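Observations on the three-dimensional arrangement
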Amino acid sequence: METVNMIAVLGGSFNPPTSAHLILLEHVMDHTGATRGLFVPSSHTYVARKAQKQSSPFLFTEQERLDMLLAMVDGKDGLDIDTCEYGDTSRGRTYETLCCIQERNPGHDVCFVTGADKLGIIPRWKSAEALLSRFHLAVLSRDDIDAKAAIRANPLLRAHESTIHVVPGLPGIERISSSRFQRQLAAGDPQAAHLVVPAVMELVEQAVARREKSRGR
């Protein structure tokens, strides 16, 4: 049987991208056999709405987030970025995003990376049947959720069990997040730099400096 290359897709705000995002996608690639990994940053409209809801102290532009992602994957074999959601003024739909990536990468299987906590939500998505029929899922395990049991307990997920890959969890990765980075950066905590790769930290500092300059500080 012909081998079809797999692309692991990790979407998110990446405001900014952290070391956890990088570690997670590489971990998923290792466990699914994916030959490529794609970071798919959300549109400014979506990220701005989320930032306002979470009272985030920093909101980076689409271009700034793209530059940070490019800096993070520089020199990393098989990792890239797809900006198919940029410019979207709606909430965006995972199924449409995956279809776009599939169209750009014919001859590949596309695998959407998600957490085990989303297994109860995915079957209720508007395009759940189409998504599960056409694409793979890579589900990151959690200690408090039996992912395999959750899959078998839902008829829709169970019907597509062969294309749902349960990936071992990464203990401690939840302590590395964009929101934590933002809080520490706003507080002047130097430990914030340990949550992102050095090249991203440099771009964050440049972006913050531009904002302060524009405010006349």
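Heads up: the structure comes first, above all this text.
Here's a quick rundown of the structure. Everything numeric here is computed off the predicted structure, so don't read it as measured data.

Okay, the overall build of the protein chain next. A tally of regular secondary structure across the protein chain gives nine helices and six strands. Scaling as 2.2 N^0.38, a compact globule of 217 residues should have a C-alpha radius of gyration of about 17 Å, and the protein chain matches this with 18 Å. Across its three principal directions, the C-alpha atoms of the protein chain cover 60 × 35 × 35 Å. Looking at the protein chain as a whole, 44% of its 217 residues qualify as buried. Counting only contacts in the protein chain whose residues sit at least 6 apart along the sequence, the fraction spanning at least 24 positions is 75%.

On to the packing of aromatic side chains, then. The final tally for this structure, using the stated rule, is four aromatic pairs. The interplanar angle of 90° and the centroid separation of 5.6 Å between the aromatic rings of Phe-14 and Phe-39 together place this pair among those described as edge-to-face. Taken together, the residues span a long stretch of sequence, with Phe-14 in the loop between β1 (5-12) and α1 (19-32) and Phe-39 in strand β2 (residues 36-41) at a distance of 25 residues. Owing to a relative accessible area of 0%, Phe-39 belongs among the buried residues under this scheme.

This next bit is on the environment of Pro-41. Considering the arrangement of structural elements, one finds Pro-41 in strand β2. Considered as a pair, Pro-41 and Cys-84 are 43 residues apart in the sequence and their alpha carbons are 8.3 Å apart. Leave out the neighbours within four places in its chain, and Pro-41 touches Gly-12, Phe-14, Arg-65, Leu-69, Ile-81, Asp-82, Thr-83, Glu-85 and Tyr-86.

With 12 residues, helix α3 (residues 62-73) should reach 16 Å at 1.5 Å per residue; the first-to-last C-alpha distance of 17 Å fits that figure. Among all positions in α3, only Glu-62, Glu-64, Arg-65, Leu-66, Met-68, Leu-69, Met-72 and Val-73 are buried. Positive backbone phi, at 85°, marks Gly-75, one or two positions downstream of α3.

The sheet built from six strands is open, its strands ordered β3-β2-β1-β4-β5-β6 with parallel pairing. Each edge of the sheet is formed by a strand with only one pairing partner; in this case those strands are β3 (79-81) and β6 (164-167). Each neighbouring strand pair of the sheet contributes to a mean axis angle of 25°, computed without reference to strand direction. Bridge count between β1 and β2: six bridges; the pairing is parallel. What sits directly across from Val-9, in β2, is Leu-38. Its contacts with the sheet place helix α4 (residues 94-104) against β1, β2 and β4 (108-115), and it is angled at close to 150° to β4.

Bringing the environment of Pro-168 into the picture now. By the element assignment, Pro-168 lies in the loop between β6 and α8 (178-186). Placed 99 residues apart in sequence, Pro-168 and Leu-69 show a C-alpha to C-alpha distance of 24 Å. The residues contacting Pro-168, other than those within four sequence positions of it, are His-27, His-31, Leu-140 and Ser-141.

It is worth spelling out the pairing of β4 at this point. Judged by how many residues are buried, β4 sits mostly within the fold: six of eight residues are covered. For β1 and β4, the ladder comprises five bridges, and the chain directions are parallel. Across the sheet, Val-9 pairs through a bridge with Phe-112, a residue of β4. Where β4 meets strand β5 (residues 136-140), five bridges bridge the pair, whose relative direction is parallel. Within β5, the position partnered with Cys-111 by the bridge is His-136. Crossover connection from β4 via helix α5 (residues 128-134) to parallel β5: handedness right-handed.

What counts and how
- Residues numbered from 1 in each chain as written.
- Predicted model: local features only at pLDDT ≥ 70, side-chain atom pairs only at ≥ 80, totals over all residues.
- Heavy atoms only, no water.
- Helix = DSSP H or I, 4+ residues; strand = E, 2+ residues; numbered from the N terminus.
- Rg over C-alpha atoms; globule rule 2.2 N^0.38 Å.
- Buried < 20%, exposed > 50% of the residue type's maximum accessible area, 1.4 Å probe, protein only.
- Contact = heavy atoms within 4.5 Å.
- Phe/Tyr/Trp six-rings, centres within 6.5 Å; stacked < 30°, edge-to-face > 60°.
- Expected span 1.5 Å × (residues − 1).
- Pairing = 2+ DSSP bridges.
- Axes fitted to C-alpha atoms, helices over the stretch in contact; angles between N-to-C directions.
- Right-handed = clockwise from strand over helix to strand, strands pointing away.

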